[in-house]
Amino acid sequence: MCPWNARRELYQKVSNFVGSVRSPLLANVYLHEVLDTWFETVVQAHCRGKVVLYRYADDVIIGCEREADARRIIEVLPKRFAKYGLEINTEKTKVVRFGRPQRSSADRQPGTFSFLGFVHYWGKTWRGSYTIKRKTEGKRLRRTLGEFWRWCRDNRHRAPQEQYVLLCAKLRGYYQYYGVRCNSPCLDLVYYAATRAWRYWLNRRGGRKMTWRAFGRMMAAYPLPRPKIVKGWV
């Protein structure tokens with residue numbers, strides 16, 4: 001490991017490369033010292049209840065057993081970041097009550113939070129007990145639907161067989177990340193939106209129109225991969 005001063009200087013030299021492949025790596029190096037090490041050595045020692053930290057690049061979730069600990073952390077965190085020239089996105093930073101719902105207090109249902117493209121919330125299982133569920137975040141879902149529409153529009157000049165191969169790869173990639181338990185409605189929506197967009201823009205290639213009957217025959221020969229849950233309960 002390089003000395004801290006050298007590490008900070010390295011980060012500052014290349015921090016202007018926004019979007020560069022080096023930025024996430026350097027952010028991890030920088031935040032490991034600014035946040036991870038500080039959390040393990042200082043925060044956990046001063047909290048009265050159990051606290052945990054989950055971080056991926058610059059997205060962070062801190063879980064606290066006691067609300068008082070959460071309030072103290074959110075108060076001191078901006079000061080810690082400012083010490084190293086960093087700022088916290090105040091619009092996305094908040095304290096969320098996320099304890100297991102109590103049947104006797106229906107008026108105080110827990111909140112939800114978004115992390116890595118998923119909304120985390122409490123929901124009931126088929127047995128009636130509560131469990132943490134995940135679904136695709138709304139803005140991520142809308143962005144995906146738009147991306148499939150634009151891709152089918154911009155690539156309608158390709159041969160249908162070539163479009164099919166690429167669309168299959170895109171859908172499988174989406175299922176691999178978002179194919180978690182309880183997220184089937186969002187997966188189904190993406191599948192049907194991709195199918196509809198494909199038919200819509202194939203019908204505007206010029207020449208013979210792609211009717212729904214003709215499209216059905218093509219889908220029988222070139223079926224797009226159906227939604228699939230690939231990750232079980234965490």
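Residues numbered from 1 in each chain as written. Predicted model: local features only at pLDDT ≥ 70, side-chain atom pairs only at ≥ 80, totals over all residues. Heavy atoms only, no water.

**What to know about the nonpolar core**
In this structure, Cys 152, Leu 167, Leu 171, Tyr 174, Trp 198, Phe 215 and Leu 224 are the most contacted members of the largest nonpolar core, which totals 28 residues. The set of elements that each furnish at least two residues to this core consists of α4 (138–154), α5 (160–178), α6 (184–202) and α7 (212–221). Broken down by element, this core gets its largest block of residues, 9 residues, from α6. Once residues lying within four places of it in the same chain are set aside, the contact partners of Leu 224 are Tyr 164, Leu 167, Cys 168, Leu 171, Tyr 191, Thr 195, Trp 198 and Met 219. Core analysis: the second largest hydrophobic core is formed by 14 residues, Leu 35, Trp 38, Phe 39 and Leu 77 among them. (Core = buried A, V, L, I, M, F, W, Y, C linked by side-chain atoms within 4.5 Å. Buried < 20%, exposed > 50% of the residue type's maximum accessible area, 1.4 Å probe, protein only. Helix = DSSP H or I, 4+ residues; strand = E, 2+ residues; numbered from the N terminus. Contact = heavy atoms within 4.5 Å.)

**Considering the packing of aromatic side chains**
Throughout the structure, instances matching the rule amount to 14 aromatic pairs. An aromatic cluster is present here, built from Tyr 164, Trp 198, Trp 212, Phe 215 and Tyr 222 joined pairwise through their rings. Note that Arg 134 overlies the ring of Phe 118, its terminal NZ or CZ placed 5.3 Å from the centroid. A cation over a ring is seen here: Lys 135 above Tyr 121, with NZ or CZ 5.3 Å from the ring centre. (Phe/Tyr/Trp six-rings, centres within 6.5 Å; stacked < 30°, edge-to-face > 60°. Lys NZ or Arg CZ within 6 Å of the ring centre and 35° of its normal.)

**Regarding the pattern of salt bridges**
Close approach of charged atoms allows side chains with opposite charge to pair. On inspection of all chains with the given rule, the structure shows 4 salt bridges. Note that Arg 71 and Glu 67 form a salt bridge whose closest N and O atoms lie 3.2 Å from each other. One end of the pair, Arg 71, and the other, Glu 67, are both in helix α3 (residues 67–82), 4 residues apart, so they sit about a helical turn from each other. Exposure remark for Arg 71: the relative accessible area of 45% places this residue in the partly exposed category. By relative accessible area, which is 53% here, Glu 67 ends up exposed. The residue Asp 154 makes a salt bridge to Arg 153 at a minimum N-O spacing of 2.9 Å. By relative accessible area, Arg 153 is classed as partly exposed at 31%. (Salt bridge = Lys/Arg side-chain N within 4 Å of Asp/Glu carboxyl O.)

**Section: the side chain of Arg 199**
Tracing the backbone shows Arg 199 in helix α6. At 18 Å, Asp 154 is the nearest oppositely charged side chain to Arg 199, a buried residue that forms no salt bridge. (Lys, Arg positive; Asp, Glu negative; His and termini not counted.)

**Description of the sheet that holds strand β3 (residues 113–115)**
Ordered by their spatial adjacency, 3 strands build an open sheet running β3-β4-β5, and the pairing between neighbours is antiparallel. What marks the edges here is a single partner per strand, and that holds for β3 and β5 (130–136). Taking the axes of each pair of neighbouring strands and ignoring which way they run, one obtains an average angle of 40° across the sheet. Taken together, the 7 bridges between strand β4 (residues 118–124) and β5 define a ladder with antiparallel strand orientation. Looking at the pairing, Trp 122 lines up with Ile 132 of β5. (Pairing = 2+ DSSP bridges. Axes fitted to C-alpha atoms, helices over the stretch in contact; angles between N-to-C directions.)

**Comments concerning the pairing of strand β1 (residues 51–56)**
Where β1 and strand β2 (residues 59–64) come together, 6 bridges link them in antiparallel fashion. Each residue of the ladder has a partner; that of Tyr 56, found in β2, is Asp 59. Between β1 and β2, which pair antiparallel and follow one another directly, the connecting turn spans 2 residues, one of which, Ala 57, has a positive phi of 60°.

**Regarding the packing of α4 against α5**
Running from amino to carboxyl end, α4 crosses α5 at an angle of 170°, the nearest separation of the two axes being 12 Å. Overall, the two elements α4 and α5 adopt an arrangement that is roughly antiparallel. The residues of α5 that touch α4, namely those facing Arg 140, Leu 141, Thr 144, Phe 148, Trp 151 and Cys 152, are Gln 163, Leu 166, Leu 167, Lys 170, Leu 171, Tyr 174 and Tyr 178. Here the residues of the contact of α4 with α5 sort into 9 nonpolar, 2 polar and 2 charged. (Parallel < 35°, antiparallel > 145°, perpendicular 65-115°, else oblique. Nonpolar A, V, L, I, M, F, W, Y, C, P; charged D, E, K, R; others polar.)

**Re the confidence of the model for the protein chain**
Of the residues in the protein chain, 85% have a pLDDT of 70 or more, and the chain-wide mean is 85. Ignoring residues within four places in sequence, the model shows residues 1–19, a span with pLDDT below 50, making 22 contacts including any to other chains. (pLDDT = per-residue confidence, 0-100.)

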